[in-house]
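In case you want the letters, here they are:
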Amino acid sequence: MKIAILGAGATGCNVGGHLKLAGEQVCLLDPYKAHMDAITEKGLVWHEGDNSKTYFTIGREMPSNVSGLLVTIYFLAAFPLSF
């Protein structure tokens, strides 16, 4: 299944990473270019305690180049409002 993750922060990368490990075709989309460049160059790196491991690299596409998606998942930052 071709899945786009819009919002490649901590949660989007975690979900996208697990979907990729499960064999799905995953594409990460995020407006933060430096973050996306690091993911493209180094892959997704999981840190557990003092250990870290790169499990895989994951595709990055520009939104205009993504076609044939079956699922799009949105992860957006939210901030609490004080009243």
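Keep in mind that this is a model prediction, so the values were computed, not measured.

Undergrad: Any chance you could break down the overall build of the chain for me, citing the residues and the numbers?
TA: Looking only at helices and strands, one finds two helices and six strands in the chain. Looking at the chain as a whole, 25% of its 83 residues are labelled buried. Counted over contacts in the chain with a minimum sequence separation of 6, partners at least 24 positions apart contribute 54%. Of the roughly 5,900 Å² of accessible surface on the chain, a fraction of 57% belongs to carbon and sulfur atoms.

Undergrad: For the environment of Leu-69, give the residues involved together with the corresponding values.
TA: Take Leu-69: it is sitting in the loop between strand 5 (59-60) and strand 6 (71-74). Separated by 66 residues in sequence, Leu-69 and Ile-3 place their C-alpha atoms 5.9 Å apart. Leu-69 has contacts with Lys-2, Ile-3 and Ala-4, leaving out every residue within four places of it along the chain.

Undergrad: Could you give an account of the nonpolar core, naming the residues involved and the relevant values?
TA: In terms of nonpolar packing, the biggest core is built from 10 residues, these being Ile-3, Ile-5, Ala-8, Cys-13, Val-26, Leu-28, Met-36, Ile-39, Leu-44 and Trp-46. At the level of elements, strand 1 (2-6), strand 2 (25-29), helix 2 (33-42) and strand 3 (44-48) are the ones that each hand at least two residues to this core.

Undergrad: Provide a residue-level description of helix 1 (residues 10-21), including the pertinent values.
TA: Compared with an ideal rise of 1.5 Å per residue, which puts 12 residues at 16 Å, helix 1 spans 16 Å between its outermost C-alpha atoms and is within 8% of the ideal. Taken together, the buried positions of helix 1 are Gly-12, Cys-13, Gly-16 and Gly-17. Each buried residue of helix 1 lies within a common arc of 125° when the element is viewed along its axis, so the set occupies one face. Across from the buried face of helix 1, at angles greater than 90 degrees, the exposed residues are Ala-10 and Leu-21. Gly-23, located one to two residues past helix 1, shows a positive phi value of around 100°.

Undergrad: Provide a residue-level description of the pattern of salt bridges, including the pertinent values.
TA: Within the structure shown, the criterion is met by one salt bridge. Two residues, Lys-33 and Asp-37, come together in a salt bridge whose shortest N-O distance is 2.7 Å. Placement of both Lys-33 and Asp-37 in helix 2 is noted, with a separation of four residues, approximately one turn of the helix. Judged by relative accessible area, which is 56%, Lys-33 ranks as exposed.

Parameters at a glance
- Residues numbered from 1 in each chain as written.
- Predicted model: local features only at pLDDT ≥ 70, side-chain atom pairs only at ≥ 80, totals over all residues.
- Heavy atoms only, no water.
- Helix = DSSP H or I, 4+ residues; strand = E, 2+ residues; numbered from the N terminus.
- Buried < 20%, exposed > 50% of the residue type's maximum accessible area, 1.4 Å probe, protein only.
- Contact = heavy atoms within 4.5 Å.
- Areas by Shrake-Rupley, 256 points an atom, 1.4 Å probe, with all protein chains shown as cover.
- Core = buried A, V, L, I, M, F, W, Y, C linked by side-chain atoms within 4.5 Å.
- Expected span 1.5 Å × (residues − 1).
- Arc of directions from axis to C-beta.
- Salt bridge = Lys/Arg side-chain N within 4 Å of Asp/Glu carboxyl O.

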